Amino acid sequence: MPTIGTQPISAAAKPDTHARLLFGWWHRLPVLLQTEAVECGLACLAMVANYHGHDVDLAGLRRRFATSLKGATLARLMEMAGKLGFTCRPLKLDLGELTQLRMPCVLHWDLNHFVVLKRVTRHGIVIHDPARGVRKLGMREVSDHFTGVALELSPAADFTPVRERQAVSLRALTGKVRGLVPALAQVLVLALALEVFALAAPFYLQWVLDQVLVSADRDLLTLLGLGFGTLAILSALVTAARSWAVTWLGATLNVQWAGNLFGHLMRLPLDWFEKRHVGDVVSRFGSIQTIQKTLTMQFVGSLLDGLMSLVTLVVMTFYSAWLTLLVLGLFLGYGLARWLWFGPLRRASEEQIVHAARQQSELLESIRGAMPVKLANKQDERLARYVNATVAATNRDIGIQRLTIAFALGNQLMFGLGRVALIWIAAALALRNEFSAGMLVAFIAYADQFTSRAAGLIDKWMDFRMLRLHAERVADIALTAPEPRAEIAWTGPVPEASVELRNVSFRYAEGEPWILKNCNLRIEAGESVAITGPSGCGKTTLAKIVLGLLEPTEGEVLFGGIDIRKLGLDTYRQWVGAVMQDDQLFAGSIADNIGFFDPEASMERIVAAARMAAIHEDIMRMPMGYQSLVGDMGSSLSGGQKQRVILARAFYRNPRLLVLDEATSHLDQFNEAAINDSVRGLGMTRLIIAHRQETVASARRVVSLVGTTTERNLSGRTSGQIVAG
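Note that the structure is a prediction, hence the values are computed from the model and not measured.

A. Representation of the sheet that holds strand β13 (residues 576-579) within the structure. The strand order β13-β14-β15-β10-β16 describes an open sheet built from 5 strands, whose pairing is parallel. Since the sheet does not close on itself, it has two edges, and those belong to β13 and β16 (701-704), each with one partner. Going from strand to strand, the sheet's axes swing by 15° on average, the running direction of each strand aside. Note that strand β10 (residues 528-532) and β16 share 4 bridges and pair parallel.

Right, here's the structure in full:
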């Protein structure tokens, strides 16, 4: 890793004005909030790159530069910036020297975080924090967080701004949705009929005032009343029909879209889940509701608002061109104000969504960890974390409401005063006999229709622009590539159950230490092999690679002499059973969990699997036997019972390859011996990872996994490194 300079920044380090002119001072520094738990470095790099005209999003950088759960070192951040065309200058400086930095630049924060320095003011600084958004801090607060390390990023001589942002299409987000176009067409026809009814309504007042009252024609009044009464009944019926059609469309779209997105979610690689908080993933599913409601309830309305506002404008022109120009001016003023308000509102909405997701993560984490929280008497600390997250989310809500109220106030003032002026001018024209009383009333009605429809059109257009925010959140799921080669259909004969690792090496990201390096291992069909080694040497990682949960950085895994990627992971996993250290049970009965909710599960096979796992007697002592509920993720069972039910689930599959990762760590010696005897008697190939000698002794062959100190150091933090996540 490059050494960070320790000398004070000299005057030569101040920003060059000419360079600022060349490298995009006209660009606005965006706010990009990190999606993964430890991608603050990528987010900072994306913000600075966008400022200089390199239009790239986090998803694009994530595909190009892999990161791990350990975060990124400053050296790794510099390496990534260099590949984007930036010249990097790491600096060690004092707090008073921040003004001399070339901004925007990256600051090392809280010893485990990166932020972007946007501006230094007289009393503090403005930063773009990828975890919290825009923040204004006083110098005293800065001194509590800034570590004294900064990274200046300047476009190199060969820097070329490019666009690498991935397009987000509606079809890519929703997947295949059936019946959408016919349903939208039906809603469109019904909404168009309502618009026609609304357009005809002002004529009723005009004809009553100008025709009926002037001539005292009761027959005409009756005829008009019957005609427009019928129109009102038809309007009510069509409104009800449209509401039902929109409700049905929304429900249909929601069910299909949520199902498509969840199906895609379940096909994503394991490391995608490991890098994200549960609350954030749940929040992204919530964005589906926002998009669905906007599309079903506002899409058709926005189209018709645009069409009918033009029709209404033409009708108004026949009454008075000058008054129509006044109404059109109010509309343009509203559009300009709405456009100016959009940027701050979008940023506030994005921060609110992210902080609401963090609030939900704190809640879910505290619920899942209720036992250790109680044992450590940390209820108050968890409460403080949750309240802080709630306050942060609430403050963002208040910020959105403040913007909304300010805009509503300006809108009400503009249209209120405009309507007063409009009525005054129209009345003046009526006094000069250029307008009749009926024409005045009708024109005001049409003006109200135009302003409401035209303003609604602008509002919906801005809502559609705001959908990009939600679309980007959903895109993190929908546009992430699923496990590679998972659904390949293997058409050849079933291979023998031998496993071979050829020159397998693995690390979580480029520049990080190797977890495994040049591993070669062959397990013959039916053979039992135990893997031993010190904690952190990569045993569990090796098991995940054998199971296809992780793809080796180098080398290949063969099953029956065939690369498992050629077999297809879905096909390969049909022949594999596993018990991992962090395996979980699901809400349901014990029988459901052993059969893994197989709709055609055989009770005989379930009982046989339970006997092999030495859990049958425990189950039969329960009041409901195999129909006993396991509780939330197995909370009603002891640790040993839970582990044996998971073992029974693996045995139920009758796999050709069985991988056990500390599968008996919670068991007493008697049950462990019984299970080892069961496993030993199986004819399947077995890969056993264990520390306990009794389990190791059950294997026919023992392989010790040993690496260098650097390769075993999973933290990735060696002396002198700056790491942030």
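That covers the picture; the talk isn't over yet.
B. Representation of the pattern of salt bridges within the structure. Enumeration according to the criterion identifies 24 salt bridges in this entry. Among the salt bridges present, the one from R385 reaches E362, with a minimum N-O distance of 2.9 Å. In this pair, R385 is assigned in helix α13 (residues 379-431) and E362 in helix α11 (residues 321-368), connecting sequence segments 23 residues apart. A residue is classified by how much of its surface remains accessible, and R385, at 42% relative accessible area, is partly exposed. The buried category is assigned to E362, whose relative accessible area is 15%. Residue R502 pairs with E556 through a salt bridge whose shortest N-O separation is 3.6 Å. With R502 in strand β8 (residues 499-506) and E556 in strand β11 (residues 554-559), this pair connects stretches of sequence that are 54 residues apart. If you follow the salt bridges from partner to partner, you end up with E496, E500, R502, R522, E524 and E556 in one network.

C. Seen up close, the packing of α11 against helix α14 (residues 437-478). Two numbers describe how α11 lies on α14: the axes approach to 9 Å, and their chain directions differ by 25°. Of the possible angle classes, the one that applies to α11 and α14 is roughly parallel. In this structure, α11 crosses over α14, and the sense of that crossing is right-handed. In terms of residue class, the contact of α11 with α14 is made up of 20 nonpolar, 5 polar and 9 charged.

D. Broad picture of unusual backbone geometry. Geometrically, the link from M103 to P104 is a cis peptide bond, its omega value of 0° lying close to zero. Take P104: it is sitting in the loop between β2 (86-92) and β3 (105-109). A positive phi angle is found at F597, which is not glycine, with a value near 60°. Considering the arrangement of structural elements, one finds F597 in the loop between α18 (590-594) and α19 (603-612). Exposure remark for F597: the relative accessible area of 37% places this residue in the partly exposed category. At N654, a residue that is not glycine, the phi angle is positive and equals roughly 50°. Position of N654 relative to the elements: it lies in the loop between α21 (639-652) and β14 (657-661). By relative accessible area, which is 56% here, N654 ends up exposed.

E. Just the confidence of the model for the protein, in detail. Overall, the predicted model of the protein reaches an average pLDDT of 78, with 84% of residues at or above 70. Within the protein, the element-level pLDDT minimum falls on helix α24 (residues 709-712), averaging 32, and the maximum on β3, averaging 92. The model gives residues 1-26 a pLDDT under 50, and that stretch makes 45 contacts with residues more than four places away or in other chains. The low-confidence segment residues 708-721, where pLDDT is below 50, has 23 contacts with residues more than four positions distant or belonging to other chains.

F. Up close: the side chain of D661. Note that D661 resides in strand β14. Of the side chains bearing the opposite charge, K539 lies closest to the buried D661, which forms no salt bridge; the N-O distance is 7.1 Å. A polar contact is formed between the side chain of D661 and the side chain of T540, at a distance of 2.8 Å. Here Q581 takes part through its side chain, which lies 3.2 Å from a polar atom of the side chain of D661. What D661 contacts, discounting residues up to four positions off in sequence, is T540, V579, M580, Q581 and I689.

G. Broad picture of the nonpolar core. Of all hydrophobic cores here, the largest spans 36 residues; its most connected members are I590, I594, Y626, L647, F651 and L660. Put simply, the parts of the chain that give this core at least two residues each are α18, α19, α21, β14 and α22 (669-680). At 7 residues, the largest contribution of residues to this core is made by α21. If sequence neighbours within four positions are ignored, F651 has contacts with A609, M612, A613, L658, V679 and L682. With 34 residues, the next largest nonpolar core counts I515, I523, C537 and L657 among its residues.

Cut-offs and rules
- Residues numbered from 1 in each chain as written.
- Predicted model: local features only at pLDDT ≥ 70, side-chain atom pairs only at ≥ 80, totals over all residues.
- Heavy atoms only, no water.
- Pairing = 2+ DSSP bridges.
- Helix = DSSP H or I, 4+ residues; strand = E, 2+ residues; numbered from the N terminus.
- Axes fitted to C-alpha atoms, helices over the stretch in contact; angles between N-to-C directions.
- Salt bridge = Lys/Arg side-chain N within 4 Å of Asp/Glu carboxyl O.
- Buried < 20%, exposed > 50% of the residue type's maximum accessible area, 1.4 Å probe, protein only.
- Parallel < 35°, antiparallel > 145°, perpendicular 65-115°, else oblique.
- Left-handed = near helix turned anticlockwise from the far one by under 90°.
- Nonpolar A, V, L, I, M, F, W, Y, C, P; charged D, E, K, R; others polar.
- pLDDT = per-residue confidence, 0-100.
- Contact = heavy atoms within 4.5 Å.
- Lys, Arg positive; Asp, Glu negative; His and termini not counted.
- Polar contact = N/O pair within 3.5 Å; in protein donor to acceptor, adjacent residues only side chain to side chain.
- Core = buried A, V, L, I, M, F, W, Y, C linked by side-chain atoms within 4.5 Å.

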